[in-house]
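Examining the three-dimensional arrangement
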Amino acid sequence: MHADLSACRETLADLVAFETISDRSNLDMIDYLADRLDHLGARVETHRDETGGKANLFATLGPDDAGGLVLSGHTDVVPVVGQAWTTDPFALTEHDGLLYGRGTCDMKGFIAACLVTAPRYVGARLTRPLHFAFTYDEEVGCFGAQALARTLSDQGVRPATAIIGEPTSMRVIEGHKGCHEYHTRFKGLAGHGSAPSRGVNAVEYAARYIARLIELQARLQDRAPADSRFVPPWSTINVGRIRGGSAANVIPEHAELDWDFRPVQDTDTAFVHDDLERYVNDVLRPAMRDVFDGADISTETIGAIDGLEPVPENAARDIVMALTGANKTDCVAFGTEAGIFQHLGMSAVVCGPGSIDQAHKADEFVALDQLSACLEMLDGLSHRMTR
């Protein structure tokens, strides 16, 4: 086991104690992280969201130059309400080599490892900057990372590579699908069920919209890249919820639809959006307004997470493969903030301690040997960044 494992365990206990569920503030944890890094001489910036209740942290060690590498993790965790925990989710508990607590693997274990390893970078005389990016609201739409991306772009900060420490069991992940979540509303005209032609049935038009989504799903299969490594290899659409109507004999005036889209390539995003826009503008909305001028269909984007596209040249992937000794990489279905960094022009890779199979569940845990392996990787990185 790594020599710093005990210190990492203690730091993780501190982090787990911050109840940074996404609907709460993360400021206490951000202050803790900022204080730890500030004491090491890092150049620390915090950027609050528009509510003032949440913040991102961006800190830098080493020279004030362009390029460098980002170690990234999110500070928020999912709720524990309704889950049957056998331990206190916000008090770190150790048993048989496993550390239990909310966020232990997703993804405070990685953040703890970054903090514990940071002093090694201070004494390593870095030849290029090492950045720490700790964000808010990843679990509800990667809003913090998107805000951070805008901040870095506005400031002209251009790191070259990014390692996102989501729980991958220390496997090297070079690709994942994006995830776009939508809420579509249908406004019709109520009326008596005995005269359907005098009203605009919002549920009926929602059903026609769903039928179009199902049709697009089938067409997306034909667009799957020949070399796709995802399972399934094509972009997917899922209709998650529909709501509308009040009684069998009333024409429903309103309906709502929640659905998501997980693209394997950017061109599929444009394909789906353009098709739906034409279908609504040319077919559905005119038919609704033939009966009632106030009828409408509107779609709100709840969250849009960029996918991480596997690319032939990926410096971040190559660095992590060398550090971990991995001889292969994988792609995964779950989303991360990695695609946001990639879209900023960085090479990006996902690799961190713990298994995604434990994330979001009761009795979430990270194994001590996983933390030890992560510490070894970050140690190796400190040597590499002095070359």
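Predicted, not measured: the structure shown is a model, and the values here were computed from it. (Residues numbered from 1 in each chain as written. Predicted model: local features only at pLDDT ≥ 70, side-chain atom pairs only at ≥ 80, totals over all residues. Heavy atoms only, no water.)

**Describing the overall build of the chain**
Across its full length, the chain carries 9 helices and 17 strands. In summary, the chain has a C-alpha radius of gyration of 24 Å against a globular reference of 21 Å for 387 residues, a match within 12%. Principal-axis analysis of the C-alpha atoms places the extent of the chain at approximately 80 × 45 × 40 Å. Looking at the 387 residues of the chain, the share that counts as buried comes to 51%. (Helix = DSSP H or I, 4+ residues; strand = E, 2+ residues; numbered from the N terminus. Rg over C-alpha atoms; globule rule 2.2 N^0.38 Å. Buried < 20%, exposed > 50% of the residue type's maximum accessible area, 1.4 Å probe, protein only.)

**Brief notes about helix α6 (residues 266-289)**
The end-to-end C-alpha distance of α6, which contains 24 residues, comes to 33 Å, matching closely the 34 Å that a straight helix rising 1.5 Å per residue would cover. Its axis deflected by about 40° at V280, α6 carries its strongest bend there. Every buried residue of α6 is accounted for by D268, T269, F271, V272, D275, L276, Y279, V280, L284, R285 and M288. Those residues of α6 hidden inside the fold are in contact with β9 (179-187), α5 (202-222), β11 (236-244), β13 (254-262) and β14 (296-305). (Expected span 1.5 Å × (residues − 1). Bend = angle between axes of the 7 residues up to and from the residue. Contact = heavy atoms within 4.5 Å.)

**Looking at the pattern of salt bridges**
Applying the stated criterion across every chain, the model contains 23 salt bridges. Where R102 meets E364, a salt bridge forms, and the shortest distance between an N and an O atom there is 2.7 Å. In this pair, R102 is assigned in the loop between β5 (98-100) and α3 (104-122) and E364 in the loop between β16 (347-350) and β17 (365-367), connecting sequence segments 262 residues apart. Overall, the relative accessible area of 1% leaves E364 in the buried class. Between R171 and D330 there is a salt bridge, with its nearest N and O atoms 2.9 Å apart. Of the two residues, R171 is situated in the loop between β7 (161-164) and β8 (173-176) and D330 in strand β15 (residues 330-332); the sequence distance between them amounts to 159 residues. Connected through shared salt-bridge partners, R212, E215, R219, D275 and R278 make up one network. (Salt bridge = Lys/Arg side-chain N within 4 Å of Asp/Glu carboxyl O.)

**Quick look at the environment of G53**
Secondary-structure assignment places G53 in the loop between β1 (43-48) and β2 (55-61). For G53, a relative accessible area of 22% translates into the label partly exposed. Taking C-alpha positions, G53 is 36 Å from A124, a pair spaced 71 residues apart along the chain. Setting aside residues no more than four positions away along its own chain, G53 makes contact with S25, N26 and L27.

**A short note on the side chain of T20**
Mapped onto the elements, T20 comes out in the loop between α1 (5-17) and α2 (27-38). On the basis of relative accessibility, which here comes to 3%, the residue T20 falls in the buried class. A distance of 3.0 Å separates polar atoms of two side chains, one belonging to T20 and the other to K108. Contacts of T20, omitting those with residues within four sequence positions, involve S25, N26, M29, T75, D76, V77 and K108. (Polar contact = N/O pair within 3.5 Å; in protein donor to acceptor, adjacent residues only side chain to side chain.)

**Some points on the sheet that holds β17**
The 3 strands are arranged β4-β5-β17 in an open sheet whose pairing can be described as antiparallel. Whereas interior strands pair on both sides, the edge strands pair on one side only; in this sheet they are β4 (93-95) and β17. Neighbour-to-neighbour, the strand axes of the sheet open up by a mean angle of 25°, direction not taken into account. The pairing of β4 with β5 spans 3 bridges and is classified as antiparallel. Across the sheet, T93 pairs through a bridge with Y100, a residue of β5. (Pairing = 2+ DSSP bridges. Axes fitted to C-alpha atoms, helices over the stretch in contact; angles between N-to-C directions.)

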